[in-house]
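Next come the chains, spelled out residue by residue.
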Amino acid sequence: QVQVVESGGGLVQPGESLRLSCVVSGSIFSVYTMAWYRQGPGKQRELVANIISGGRTNYADSVKGRFTISRANAKNTVYLQMNSLKPEDTAVYYCNADVQVTGVVRRPYWGQGTQVTVSS
């Protein structure tokens, strides 16, 4: 059994910051790529940023220069530091982790999501 739990969402004003965290726990061999997705009202879920186990990162153009993804491999945890938040960043943010659970089984897991609302 693998659990993916996000935390850190909330209501902030434009220009403020938030830090999201996501912990992957359970029967895990290894965690590979970890990522943050978001789904705004009336929109499709989109990739915000991802990070491979070696540390290489990838960002959506809309968040480059404002968001930073990082991970603590020993804790199977991924973070998303979000600065200079805009109303269009309002969304439910989901954590995704590519997890090897046995010697041969490897699959993606999703968290339940955390709401981020940017409004004055």
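Reading the values: rules and limits
Residues numbered from 1 in each chain as written. Predicted model: local features only at pLDDT ≥ 70, side-chain atom pairs only at ≥ 80, totals over all residues. Heavy atoms only, no water. Helix = DSSP H or I, 4+ residues; strand = E, 2+ residues; numbered from the N terminus. Salt bridge = Lys/Arg side-chain N within 4 Å of Asp/Glu carboxyl O. Buried < 20%, exposed > 50% of the residue type's maximum accessible area, 1.4 Å probe, protein only. Pairing = 2+ DSSP bridges. Core = buried A, V, L, I, M, F, W, Y, C linked by side-chain atoms within 4.5 Å. Contact = heavy atoms within 4.5 Å.

Give me the lowdown on unusual backbone geometry, citing residues and values where you can.
Although it is not a glycine, Asn76 sits at a positive phi angle of roughly 50°. Among the structural elements, Asn76 can be located in the loop between β7 (67-72) and β8 (77-82). With a phi close to 50°, Ser84 is a non-glycine residue in the positive phi region. With respect to the element layout, Ser84 can be found in the loop between β8 and β9 (91-100).

For the pattern of salt bridges, give the residues involved together with the corresponding values.
Scanning the entire structure with this criterion turns up five salt bridges. One salt bridge connects Arg106 with Asp98, and the closest N-O pair in it is separated by 2.8 Å. Classification of Asp98 by relative accessible area gives buried; the value is 17%. Overlapping salt bridges, with partners in common, bring together Arg38, Glu46, Arg66 and Asp89 in one network.

Help me get a handle on the pairing of β7, residues and values and all.
Pairing of β7 with β8, which is carried by six bridges, proceeds in the antiparallel orientation. Across the sheet, residue Thr68 finds its bridge partner in β8, namely Gln81. Between β7 and β8, which pair antiparallel one after the other, the connecting turn spans four residues, and Asn76 there sits at a positive phi close to 50°.

Residues and numbers for the environment of Gly26, please.
Note on placement: Gly26 falls in strand β3 (residues 18-26). Owing to a relative accessible area of 48%, Gly26 belongs among the partly exposed residues under this scheme. With 22 residues separating them in the primary sequence, Gly26 and Val4 have C-alpha atoms 9.0 Å apart.

Quick rundown of the nonpolar core? Include the residues and the values.
Grouped together as the largest cluster of nonpolar side chains are 30 residues, with contacts concentrated most on Trp36, Leu80, Met82 and Tyr93. Of all elements in the fold, only β1 (2-7), β3, β4 (30-39), β5 (46-51), β7, β8, β9 and β11 (114-118) reach the threshold of two or more residues within this core. Ranked by residues supplied to this core, first place goes to β9 with five residues. For Tyr93, the contacting residues outside a window of four places in its chain are Glu6, Leu20, Trp36, Tyr37, Arg38, Val48, Phe67, Leu80, Met82, Gly113, Thr114 and Val116.

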